[in-house]
Each structure stands twice: as C-alpha cells, then as structure tokens.
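The residues making up each chain are set out below.
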Amino acid sequence: GAAGAAASLPSEWHVSAIPLSIAFGAAAGNAVPKMREVLKPGVKLCSSTVLRAGVVCVGAKLSAAQVLSLGWTTIPAAAAAVTVGIATIPKIASMAGLPPRLGALIAAGTSVCGVTAIGAVAPAIGATQAEVAVAVGNVVAYGTAAMLAYPHLAARLFPSGDSQHIGLFLGLGVHDTAQAPCP
C-alpha cells in the first residue's frame, strides 16, 4: 500500500508512508459508505490500547544517552520549545475564541509529542470527543505539512553532512513523533 508507493518515489521528494497512508485512509473511508462502521471497533482499540503501547515503545527506544549524543544544547532547546508552546498556545487559542480545553489539547499536541499527548491529556481535562477531534486534526494537518516541508528547509539551512543539527531541527519542529522524518 502506502509504504510501497512511498518507496517508489524519488528519494529527493522526502515523502514517507505516513502522509500517503493518511491520504489513502481518507480516500478509502469516503469511497466505501459502510467503511467507518466496519472499522469502528478497530479504531476504538487503536485509539486506546494500541496508542498507549505505542507511547511506551517510543519512550523505550529513546535513551538519555541518545539525546545527549546530540550535544548539551539538545535538552535546553527541547525544554524551551515545550515551555514556549505550552505557555503561548493556550493564550493564542483564547484570543482566537477557542475553548480553554481545546487550547490545552492543541498546546500539548503541538509542544510535546502530537496525537499521543492529546490522547494522554484529554481524559485528564475532561475534553469532549469534538475537542479531541479538532486538536488531532490540527496537529496532524500541521505536522504533515511540517513533515513534507521541513526536510527541504533543513537541506537549505544546514550543510548536508550536519545530521545532528538537521535532526534537532526536525525533532523540535515536527509536531508528532509519528511524523518526524529521518534526515
């Protein structure tokens, strides 16, 4: 499916299977009228149990040694990015007339690790399904745009052999861990 399609594209395009999977899934969901009902039990399972297992797996594969191997500036840069996002996004959301819970969800999703953070924060703040859906849509849309655009931007901002700074830039810039591209 999507992985095969992504693999067949020229490597200079920097397109992964993730946006293609999203596009194929959206097309299939809208093309087959009963698809949503058929897939509802699986989606429910994946949005709870599988999501939690995925969070554990992502955390398990990232060690402090790996983070520090990028240099001492990695931790303050990540802390600053998270702090600025958590502090400013709810204020911007409020100015835009969005409900506080939606602002909190978007802040968590944008600043921490995307949809996973939204899924973790939603029950703690009593978010509605509509608020979660809007926050997830926001993070996925902007994360997908970042995933497609930022590797090209990084190629122009950093020397081609500077994988540490490119990785830091992409890691801090892309909203969702599932969308973080490899340099």
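Check the entry above for the structure.
Residues numbered from 1 in each chain as written. Predicted model: local features only at pLDDT ≥ 70, side-chain atom pairs only at ≥ 80, totals over all residues. Heavy atoms only, no water.

**Details of the packing of helix α6 (residues 100-113) against helix α8 (residues 129-157)**
Two numbers describe how α6 lies on α8: the axes approach to 9 Å, and their chain directions differ by 35°. α6 and α8 meet at a crossing whose hand is right-handed. Taking contact as the criterion, the partners of Arg101, Leu102, Leu105, Ile106, Gly109 and Thr110 in α6 are, on α8, Glu131, Val132, Val134, Ala135, Asn138 and Val139. Of the residues contributing to the contact of α6 with α8, the split by class is seven nonpolar, three polar and two charged. (Axes fitted to C-alpha atoms, helices over the stretch in contact; angles between N-to-C directions. Helix = DSSP H or I, 4+ residues; strand = E, 2+ residues; numbered from the N terminus. Left-handed = near helix turned anticlockwise from the far one by under 90°. Contact = heavy atoms within 4.5 Å. Nonpolar A, V, L, I, M, F, W, Y, C, P; charged D, E, K, R; others polar.)

**Thoughts on a nonpolar patch on the surface**
Taken together, the side chains of Val38, Leu39 and Val43 present a nonpolar region at the surface, about 280 Å² in accessible area. Structurally, Val43 can be placed in helix α3 (residues 35-61). (Patch = residues over 30% accessible without salt bridge, like charges linked within 9 Å, V, L, I, M, F, W, Y side chains within 5 Å. Areas by Shrake-Rupley, 256 points an atom, 1.4 Å probe, with all protein chains shown as cover. Salt bridge = Lys/Arg side-chain N within 4 Å of Asp/Glu carboxyl O.)

**Here's the deal with the packing of aromatic side chains**
A full pass over the atoms with the stated rule returns two aromatic pairs. Taken together, a centroid distance of 5.7 Å and an interplanar angle of 45° make the contact between Tyr150 and Phe169 tilted. Within this pair, whereas Tyr150 is found in helix α8, its partner Phe169 is found in helix α9 (residues 163-173), the two being separated by 19 residues in sequence. Counting every residue linked through ring pairs, the aromatic cluster contains Tyr150, Phe158 and Phe169. (Phe/Tyr/Trp six-rings, centres within 6.5 Å; stacked < 30°, edge-to-face > 60°.)

**Quick notes on the environment of Thr74**
By the secondary structure assignment, Thr74 is in helix α5 (residues 74-95). Separated by 91 residues in the primary sequence, Thr74 and His165 place their C-alpha atoms 9.5 Å from one another.

**A few points about the environment of Ile106**
Mapped onto the elements, Ile106 comes out in helix α6. What Ile106 contacts, discounting residues up to four positions off in sequence, is Ile89, Leu98, Ala135 and Asn138.

**Let's talk about α8**
Across its 29 residues, α8 extends 39 Å between first and last C-alpha, which sits within 8% of the 42 Å expected from 1.5 Å per residue. Of all the bends in α8, the greatest reaches close to 35° and is centred on Ala149; the proline Pro151 follows between one and four positions later. (Expected span 1.5 Å × (residues − 1). Bend = angle between axes of the 7 residues up to and from the residue.)

**Points about the nonpolar core**
Inside soluble globular proteins, nonpolar side chains tend to come together where they are buried. One finds Ile89, Leu102, Leu105, Ile106, Ala107, Ile118, Ala122, Ala135 and Val139 forming the largest nonpolar core, which totals nine residues. Mapped by element, the contributors of at least two residues to this core are α6, α7 (115-125) and α8. In terms of residue count, the dominant contributor to this core is α6 (four residues). In this view, Leu102 contacts Glu131, Val134 and Ala135; residues no more than four positions away in its chain are not counted. (Core = buried A, V, L, I, M, F, W, Y, C linked by side-chain atoms within 4.5 Å. Buried < 20%, exposed > 50% of the residue type's maximum accessible area, 1.4 Å probe, protein only.)

**A word on the side chain of Glu131**
Within the secondary structure, Glu131 sits in helix α8. Apart from the residues within four sequence positions on either side, Glu131 is in contact with Pro99, Arg101, Leu102 and Leu105.

**A short note on α7**
Residue pairs spaced three or four apart in an α-helix point in one direction, given the helix's 3.6 residues per turn. Buried within α7 we find Thr116, Ala117, Ile118 and Ala122. At the C-terminal side of α7, Gly126 shows a positive phi close to 70°.

**Remarks on the environment of Ala80**
Positionally, Ala80 belongs in helix α5. When the C-alpha positions of Ala80 and Leu172 are compared, they lie 9.9 Å apart, and in sequence the two are 92 residues distant.

**Digging into the packing of α7 against α8**
Where α7 meets α8, the axes come as close as 9 Å, and the angle between the chain directions of the two elements is 160°. On the basis of the axis angle, α7 is roughly antiparallel to α8. In the packing of α7 onto α8, the handedness of the crossing is right-handed. From α7, Val115, Ile118 and Ala122 reach across to α8, where they touch Val132, Ala135, Val136, Val139 and Val140. (Parallel < 35°, antiparallel > 145°, perpendicular 65-115°, else oblique.)

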